[in-house]
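Inside the fold
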Amino acid sequence: MALTKKKRVLNEVKQLVMITIGAVIAAAGLEFFLVPNNILDGGVIGLSIIAAKMTGQTMSIFLILLNLPFLYIGYRRIGAKFTLHTLYGVIVLSAFTAYFHHFEPATDDLFLATIIGAVILGTGVGLVIRTGGALDGTEIIAILVSKKRPVSVGQFIMIVNLFIFILAALLVFSWETAMYSIITYYIAFKMIDIVVEGLEELKSVTIISDVPEELADLLTKQLGRGMTYIQGQGVYSNEPKKIIYMIVTRIELATLRSIVAETDPNALVAIENIADVSGSNFDKGSAH
């Protein structure tokens, strides 16, 4: 029991460290590239940039104030752990944007600021999300809305951000800046995906074949990947079947298809995307 408690404490410390690193990276992207060049991100961060520009106050104050209502809703509807992680991330982000605000921007070139700032911001936000938190309260609302309406989290955030960019163009910045902001949002969004899901695209493959043992032997030799037999039964034939299940990388997929086509052209092959894999020594290609 003591060991379990120790592991929980260590795990929590690791999560807080990763959230801290992610929030600091995001703050650097904002203050060294985006904010000095009047380029927005979406969500509460974008609203905070607009509010800071209109009032003359520092963005860090609005990052906390504008997130508070969303955090309260998240605490009531999603749970304490996620909300506390998000609150911690927002506080770290706010503190470091205030600190970095005193430094000179890295560039005044709009194009460079857009690209590099978005990559850095997306990397930081992605680290926080991968750890189990968030840096933007609108994500909490998006999660809740997606559960009750036929709108995905991504679609809801896109609609909110479109409104924010139009608001920025009308009230504070130019249409040119708003368009650069849309590019920033898109690149940051893609970087978040890369950090959360990884660069390597993984695929789960289910194969139903009349010669599963032969296929499994060839796939093991050629790909060096482990696999699992799932026991199935044909509906019409009523015969037991061994179904092959394995996980491969995108690069290995072509080899797999070639082996299946040569060994059993009539085999049914179902391929699905996988965001992440852990355990079973997947990286070493050991048998499951």
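Here goes a summary of the coordinates provided. (Residues numbered from 1 in each chain as written. Predicted model: local features only at pLDDT ≥ 70, side-chain atom pairs only at ≥ 80, totals over all residues. Heavy atoms only, no water.)

**Thoughts on the overall build of the protein**
What counts here: A run of H or I in DSSP becomes a helix once it reaches four residues, and a run of E becomes a strand once it reaches two; helices and strands are each numbered from the N terminus. Any pair of residues with heavy atoms lying within 4.5 Å of one another is described as a contacting pair.
For the protein, the helix and strand inventory stands at 11 helices and 4 strands. Sequence separation of at least 24 residues holds for 75% of the intrachain contacts in the protein that already meet a minimum separation of 6.

**Structural notes on the nonpolar core**
For the record, the criterion: Only buried Ala, Val, Leu, Ile, Met, Phe, Trp, Tyr and Cys residues count toward a nonpolar core, and they belong to the same one when joined by side-chain atoms within 4.5 Å. The cut-offs for exposure are 20% and 50% of the maximum accessible area for each residue type, with area from a 1.4 Å probe on protein chains only; residues under the lower value are buried, those over the upper are exposed, and the others partly exposed.
L30, L40, I49, M59, L93 and L135 are the most contacted members of the largest nonpolar core, which totals 37 residues. Sorting the residues of this core by element identifies α1 (2–34), α2 (43–55), α3 (59–65), α5 (80–100), α6 (110–131), α7 (138–148), α8 (153–171) and α9 (175–197) as the ones contributing at least two each. With 8 residues, the top contributor of residues to this core is α1. Among residues more than four places away in sequence, those in contact with L30 are V35, P36, I45, I49, M59, L93, T97 and L121. One finds L219, M246, I259 and V260 within the second-largest nonpolar core, a separate group that totals 15 residues.

**Some details on the packing of helix α4 (residues 68–77) against α5**
We apply this condition: Working convention: axes come from line fits to C-alpha atoms, limited for helices to the stretch in contact. Angles between N-to-C directions cover 0 to 180 degrees. Orientation is classified from the angle alone, with under 35 degrees giving roughly parallel, over 145 giving roughly antiparallel, 65 to 115 giving roughly perpendicular, and any other angle giving oblique. Gly falls in the polar group here, along with every residue not listed as nonpolar (Ala, Val, Leu, Ile, Met, Phe, Trp, Tyr, Cys, Pro) or charged (Asp, Glu, Lys, Arg).
The N-to-C vectors of α4 and α5 enclose an angle of 160 degrees; their axes lie 7 Å apart at closest approach. Accordingly, the angle class assigned to the pair α4 and α5 is roughly antiparallel. Residues L71, G74 and Y75 of α4 form the contact with α5, whose own contacting residues are A80, T83, T86 and L87. Here the residues of the contact of α4 with α5 are counted per class, giving 4 nonpolar, 3 polar and no charged.

**Focus: unusual backbone geometry**
Here the phi dihedral of N38 falls at roughly 60 degrees; this positive angle occurs in a residue that is not glycine. Among the structural elements, N38 can be located in the loop between α1 and α2.

**Structural notes on the sheet that holds strand β4 (residues 268–274)**
The condition is simple: Pairing between strands requires that DSSP locate at least two bridges from one strand to the other.
Within the open sheet, the 4 strands sit side by side as β2-β3-β1-β4. Their pairing is antiparallel. Across the chains shown, the open sheet's two edge strands, defined by having one partner strand only, are β2 (228–233) and β4. Each strand of the sheet is rotated relative to its neighbour by a mean of 25 degrees, with strand direction disregarded. Relative to strand β3 (residues 240–249), strand β1 (residues 202–208) runs antiparallel, the two sharing 7 bridges.

**Looking at the pairing of β3**
Pairing between β2 and β3: 6 bridges, direction antiparallel. Within β3, the position partnered with I230 by the bridge is I243.

**Description of the pattern of salt bridges**
Should the charged atoms of two oppositely charged side chains come close, the side chains can pair. Heads up, the condition is: Here a salt bridge means any side-chain nitrogen of Lys or Arg lying within 4 Å of a carboxyl oxygen belonging to Asp or Glu.
A complete count under the given rule lists 4 salt bridges for this structure. Put simply, E252 and R225 hold a salt bridge, and the shortest N to O gap is 3.3 Å. Residue E252 is found in helix α11 (residues 250–263), and its partner R225 is found in the loop between α10 (212–223) and β2; the two are separated by 27 residues along the sequence. Given the relative accessible area of 11%, R225 is considered buried.

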